[in-house]
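# Working through the structure, step by step
So you can see what is in the structure, the chains are spelled out below.
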Amino acid sequence: MTARFGSFILFLLLGLEATLTTAQQTRCRAAELQLSARFDTLHLHFELSGQGCDKAARPQLYFHDQDFQIYKPANQITDSLRSFGGGNDMLISWKINPSSWKTDKQLQPFVVTGPAKDHYFGMGTEAALLSLMLPGLGDYFTGSTARQRIRPWMRTMGVAAFLSAGIYASGQRYRTEPRYFDGRMWSSGEVVNKFFRNDAEILIGAGVALWLGDVIWVAIRGNQNRQLKKNFNTLIIQL
Amino acid sequence: MARNILILLSGWPTWNQGCQMVFLRLFSSTLIHLNQQKSNSARLPACQRHFSGFIFAVLFFFTSTIILAQQSSVYVTRGAESFSMTYFKPFNKTVQHRLIPYLYPDFREGYLLFADGRMMEGRLRLDLHRNEMEAIVANDSLLVTQPLLLEEAVMGNQLFIFTPWVAGGKGQPTAGIGFFEVLTNRGQFSVLLQRSLRVNKSRPSQANVQLGLPYEEKVSFAIVERLFYQSDPHQEAKPLKKGHRNILKIFPSAEHERLKIYVKSKKLNLHRTKDIIDLINFYNS
């Protein structure tokens, strides 16, 4: 009964994760950001995807640096490439102002598609609790996962595979019969492992390490979101 | 007492390194000598048996003298209280002495060429920390405030350009601007070298200030070098990934066969910067 209930919960959580993979598309957001420069102008190509993009306000380009300080480039020109591509392709051009852009600052662009006060950066450090419940779950709440090399579902499957293999190996481990000599135990039986020496400990350890790694990763991303949100609401430097 | 020990420990790394080495060498040789003497002590006269001990005592006094020589005293007043205290002299080289933010400390002969054709000849210096080009033209000292208008800057026999760079590709791109040294001959493709000064300024010790000791500031720095390439002189620079496949990827596919033949004939190793420059010079020619 308990095993059935456990597998039901696992199916429920995996189903939830599969739903969240598609649920990321609900808001109108900029995706496939691509930067290029020509002479003294910086161009940002991106696609608007998700619901409500037709009603969305004019997309605004912002940058943040390594310390999550927010910058807003002045005199940016937004252009829609819809007529050429047939999709929601957009282009924002900005003439670089080297006097306000400090050369030690590396800028990462992000696009605000609606009103600035409603811009959602993603969940904060509390998303780590979700990853603590199910590895990979918190990633879906901290931002786009489209460009991640190791996708969250891969982490979920990895942890599940390591842990289940470790539990299976632990169950299959046994000790051979002890040897007796003259009515007394001569030597205790040897431990026979299923896969390799100390297989259960190594596999469970790898699974737990992967799980904890995901929790830490989500906590870092959540913290970045929190800092971006805080700086976005307090101080924006004009570029 | 504990405070004195702490001061002693904090002063220890600021010792002259040479004195430490000499002391350690002498100390170890004396110990070896003592060991040898011990085994032969029965056959040696008393004066020779005690010779090692004498050497050790002299060394001990010598080192303690060095310790005392490092010490200074200061008269400290704190409210109504006033007392004299002894401390070890900190390593008091100035920050400027250790941290030179320029590529070369002196100005070098060169010129600045702007996009509108203006040319300024003089002496140039590149500030790596601020990423600025300074110049002395005739008797005026100048700073290039609009570097995007700069076509090229030649300093000695090195060519520099100012250009934006983009890293990260699709998804999460990162952009920056800065001066790059051009390592290849001027042509369509260029290999660029970016030098940046990474400075780590530690928080100055508040305790020293409170105790009336000289203010010691610690700064560690490193010149970080990154290779970039530019496929068009008017486009952004991109980070250069070394390796045969990565290098060939930056060229148009129609040129791959020709370049592969050149790499094979010259036995180029595209993990080496020199060979990559050779290949790009060949492409530009």
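Residues numbered from 1 in each chain as written. Chains lettered and ligands numbered in written order. Predicted model: local features only at pLDDT ≥ 70, side-chain atom pairs only at ≥ 80, totals over all residues. Heavy atoms only, no water.

All names here are of chain A. Strand order across the open sheet formed by four strands is 7-3-4-12, with mixed pairing between neighbours. At either margin of the open sheet sits one strand with a lone partner, and together these are strand 7 (108-112) and strand 12 (236-238). Across this sheet, the average inter-strand angle for adjacent strands is 35°, counted without regard to direction. With two bridges connecting them, strand 3 (residues 60-64) and strand 4 (residues 70-72) associate as antiparallel partners. Across the sheet, residue F63 finds its bridge partner in strand 4, namely Y71. (Pairing = 2+ DSSP bridges. Helix = DSSP H or I, 4+ residues; strand = E, 2+ residues; numbered from the N terminus. Axes fitted to C-alpha atoms, helices over the stretch in contact; angles between N-to-C directions.)

What follows covers the pattern of salt bridges. Proximity of charged atoms lets side chains of opposite charge pair with each other. Residue and element names in this part refer to chain A. All told, the structure shown has 17 salt bridges over all chains when counted by the stated rule. In this structure, K117 and D118 form a salt bridge, with 3.6 Å as the shortest nitrogen-oxygen distance. The exposure class assigned to K117 is exposed, which follows from its relative accessible area of 69%. A salt bridge links R155 to D214; the nearest nitrogen and oxygen atoms lie 2.6 Å apart. Taken together, the residues R155 in helix 5 (residues 152-172) and D214 in helix 6 (residues 199-234) connect sequence positions 59 residues apart. The pair R155 / D214 is uniform in exposure class, with both members buried. In this structure, a network of salt bridges that share partners links the residues D65, D67 and K105. (Salt bridge = Lys/Arg side-chain N within 4 Å of Asp/Glu carboxyl O. Buried < 20%, exposed > 50% of the residue type's maximum accessible area, 1.4 Å probe, protein only.)

Turning to empty space enclosed by the protein, a few remarks are in order. All names here are of chain B. Here the structure, examined in full by the defined rule, presents one cavity of 30 Å³ or more. The space that makes up the largest cavity amounts to roughly 30 Å³. Lining the largest cavity we find L126, L128, N131, F160, F179, E181, L193 and R195. Split into classes, the residues belonging to the lining of the largest cavity amount to five nonpolar, one polar and two charged. (1 Å grid on protein atoms, 1.4 Å probe; cavity = no way out; pocket = protein on both sides within 12 Å on 5 of 7 lines; lining within 4 Å. Points joined across faces, edges and corners; volume = space filled by probe spheres on them. Nonpolar A, V, L, I, M, F, W, Y, C, P; charged D, E, K, R; others polar.)

Burial of nonpolar side chains together is a common tendency in soluble globular proteins. Core analysis: the largest hydrophobic core is formed by 42 residues, its most contacted members being F46(A), L112(B) and M133(B). Contacts of F46(A), omitting those with residues within four sequence positions, involve A30(A), A31(A), E32(A), L33(A), P59(A), N88(A), D89(A), M90(A), I92(A) and V111(A). Counting 20 residues, the second-largest nonpolar core is a separate cluster that includes I250(B), I276(B), I277(B) and Y283(B). (Core = buried A, V, L, I, M, F, W, Y, C linked by side-chain atoms within 4.5 Å. Contact = heavy atoms within 4.5 Å.)

Taken as a whole and assessed by the stated rule, the structure comprises 15 aromatic pairs over all chains. Ring centres of F110(A) and F232(A) lie 6.1 Å apart, and the angle between their planes is 65°; this geometry places the pair in the edge-to-face category. Taken together, the residues span a long stretch of sequence, with F110(A) in strand 7 and F232(A) in helix 6 at a distance of 122 residues. Relative to F251(B), the ring of F189(B) has its centre 4.8 Å away and its plane inclined at 35°; by these criteria the two rings are tilted. In this pair, F189(B) sits in the loop between strand 9 (174-182) and strand 10 (190-201) while F251(B) sits in the loop between helix 7 (244-249) and helix 8 (256-266), placing the two residues 62 residues apart along the sequence. In this structure F189(B) comes out as buried when scored by relative accessible area, which is 2%. Members of the aromatic cluster, connected to one another through ring pairs, are Y62(A), F110(A), F121(A) and F232(A). Residue placement shows R108(B) over the ring face of Y104(B); its charged tip is 3.8 Å from the ring centre. We note R118(B) situated over the ring of F114(B); from NZ or CZ to the ring centre the distance is 4.9 Å. (Phe/Tyr/Trp six-rings, centres within 6.5 Å; stacked < 30°, edge-to-face > 60°. Lys NZ or Arg CZ within 6 Å of the ring centre and 35° of its normal.)

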